[in-house]
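# Understanding the architecture of this molecule
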Amino acid sequence: MPEFDGNCDFDVVKYFLKLLEDDDLSSGIAAIETLLMILEKKQFDTIHILQNTMQEAVMAMRNTDLSIAAVISGGELFCRFITLSLDDRGSMEECREIMLHRGQIFLAKLQNSRNVIAQQAQKFITDGCRVLVHSRSRVVLKALLTAAKANKQFHVYITQGGPDKMGEQMMNEMESAGIDCTLILDAAIGYVMESVDFVMVGAEAVVESGGIVNRVGSFTMALCAREMKKPFYVLAESFKFTRLYPLNQRDLPDEYKYARKDLNDVSKVHPSVDYTPPAYITLLFTDLGILTPSAVSDELIKLYM
């Protein structure tokens, strides 16, 4: 973790981007670690000032050219969790210690979420199965590596994942672990679908309806899976649950779909993500349990209570 001098101004974006130099760290966890560092090193006179500072920090991280979905949801959940049932009546230092303790617990739980999800997926990844995954997802990779360590033999088809071709990195990581895999063009989804047993994707955000926001092409994959009667599984950490209810692709906010530098004119820019409605999702594997899409709204209510 980068060092932070509490005696000088804290550059939120610089710290956040420094954390993300660790390729295994998601933007949501990096955002939470950044907020925790602010809480640990800065002094606040009131909870109201602290909340405003946290909101400003989340806004600064949202203004980067990275995927912001998990930054928004993770930041909201973190701030909600640490300030629950606190007010200005007690000592601010006592409140700060309580919030810091809560924040550390919250972060530790989320840091273990991939392991929890990977274990849940093991009963579905069986010997001889054929899996289709979309580009690179850290949590999907973790599930597949866990299965490989259990000496399961299976084959994985990986989409190239345009435009950045992150599927190639996913393939290299799996081949290094001895997993049999094949890299395919994104356009070959329909051709390969009839040969696989199920689809397994990650998510940048899980919305209130139980649908997901994920790398563009996920919706196409889900449509094809449903037509060919293949299960479509989503692996996602609970900090990606967000209070958003899109009805279609146009309903998804532009800041989710496009890089910050492109927001002034998106008419000729390719979206980086799309929205997959809940009707196309079979199950969601989360650190809160294995959920049907219809159960997501109940879990969101619990998270924000």
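Higher on the page you've got the structure.
Described below are features of the structure shown in this document. Everything numeric here is computed off the predicted structure, so don't read it as measured data.

## Some words on the overall build of the chain
Helix and strand counts for the chain come out as twelve helices and ten strands. If you line up the chain on its principal axes, its C-alpha atoms span 60 × 45 × 35 Å. Within the chain, the proportion of its 305 residues that are buried is 51%. Intrachain contacts of the chain at a sequence separation of at least 6 include 74% that bridge at least 24 residues. When the accessible area of the chain is evaluated, it comes to approximately 14,400 Å², of which 50% is carbon and sulfur surface. Looking at charge distribution, the chain has the averaged site of its 31 positive side-chain charges lying 4 Å from that of its 41 negative ones.

## Here's the deal with the environment of R250
With respect to the helices and strands, the residue R250 is situated in the loop between β7 (232-235) and α11 (254-257). Along the backbone, R250 and D274 are 24 residues apart, and their C-alpha atoms lie at a distance of 9.6 Å.

## With respect to the packing of helix α6 (residues 113-121) against helix α7 (residues 138-149)
Running from amino to carboxyl end, α6 crosses α7 at an angle of 55°, the nearest separation of the two axes being 8 Å. With respect to their mutual orientation, α6 and α7 come out oblique. Between α6 and α7 lies a crossing whose hand is right-handed. On the side of α6, the interface is formed by R114, N115, I117, A118, Q119 and A121, while α7 contributes R138, V139, K142, A143 and T146. For the contact of α6 with α7, the per-class residue count stands at five nonpolar, three polar and three charged.

## Side note on the packing of helix α3 (residues 47-62) against helix α4 (residues 69-83)
Where α3 meets α4, the closest approach of the two axes is 10 Å, and the angle between their N-to-C directions is 170°. Considering the angle they form, α3 stands roughly antiparallel to α4. In the crossing of α3 with α4, the sense of the turn from one axis to the other is right-handed. Between α3, through I47, L50, Q51, M54, V58, M61 and R62, and α4, the contact on the second element is made entirely by V71, I72, G75, F78, C79, I82 and T83. Counted by class, the contact of α3 with α4 contains ten nonpolar, three polar and one charged residues.

## Focus on the packing of aromatic side chains
Overall, the coordinates contain seven aromatic pairs when judged by the stated rule. The rings of F124, F198, Y233 and F285 are connected pair by pair, giving a single aromatic cluster. Directly above the aromatic system of Y280 lies the positively charged group of R226, at a separation of 5.0 Å from the ring centroid.

## Remarks on the side chain of E237
Considering the arrangement of structural elements, one finds E237 in the loop between β7 and α11. On the basis of relative accessible area, E237 is assigned to the buried category, the value being 3%. For E237, the residues in contact, after removing those within four places along its chain, are S113, R114, I117, V139 and D287.

## Quick look at the sheet that holds strand β10 (residues 289-291)
What the seven strands build is an open sheet, ordered β3-β2-β1-β4-β7-β9-β10; its pairing is mixed. Each having just a single partner strand, β3 (180-184) and β10 make up the two edges of the open sheet. When the angles between neighbouring strand axes are averaged without regard to direction, this sheet yields 25°. Bridge analysis of β7 against strand β9 (residues 283-286) gives three bridges, and the strand direction is parallel. Within β9, the position partnered with V234 by the bridge is L284. Here α6 sits on the sheet and contacts β4 (198-201), β7, β9 and β10; the angle it forms with β9, its principal contact strand, is near 135°. Running at roughly 105° to β7, α7 makes contact with β1 (130-133), β2 (155-159), β4 and β7 of the sheet.

Criteria and thresholds
- Residues numbered from 1 in each chain as written.
- Predicted model: local features only at pLDDT ≥ 70, side-chain atom pairs only at ≥ 80, totals over all residues.
- Heavy atoms only, no water.
- Helix = DSSP H or I, 4+ residues; strand = E, 2+ residues; numbered from the N terminus.
- Buried < 20%, exposed > 50% of the residue type's maximum accessible area, 1.4 Å probe, protein only.
- Contact = heavy atoms within 4.5 Å.
- Areas by Shrake-Rupley, 256 points an atom, 1.4 Å probe, with all protein chains shown as cover.
- Lys, Arg positive; Asp, Glu negative; His and termini not counted.
- Charge placed at Lys NZ, Arg CZ, Asp CG, Glu CD.
- Axes fitted to C-alpha atoms, helices over the stretch in contact; angles between N-to-C directions.
- Parallel < 35°, antiparallel > 145°, perpendicular 65-115°, else oblique.
- Left-handed = near helix turned anticlockwise from the far one by under 90°.
- Nonpolar A, V, L, I, M, F, W, Y, C, P; charged D, E, K, R; others polar.
- Phe/Tyr/Trp six-rings, centres within 6.5 Å; stacked < 30°, edge-to-face > 60°.
- Lys NZ or Arg CZ within 6 Å of the ring centre and 35° of its normal.
- Pairing = 2+ DSSP bridges.

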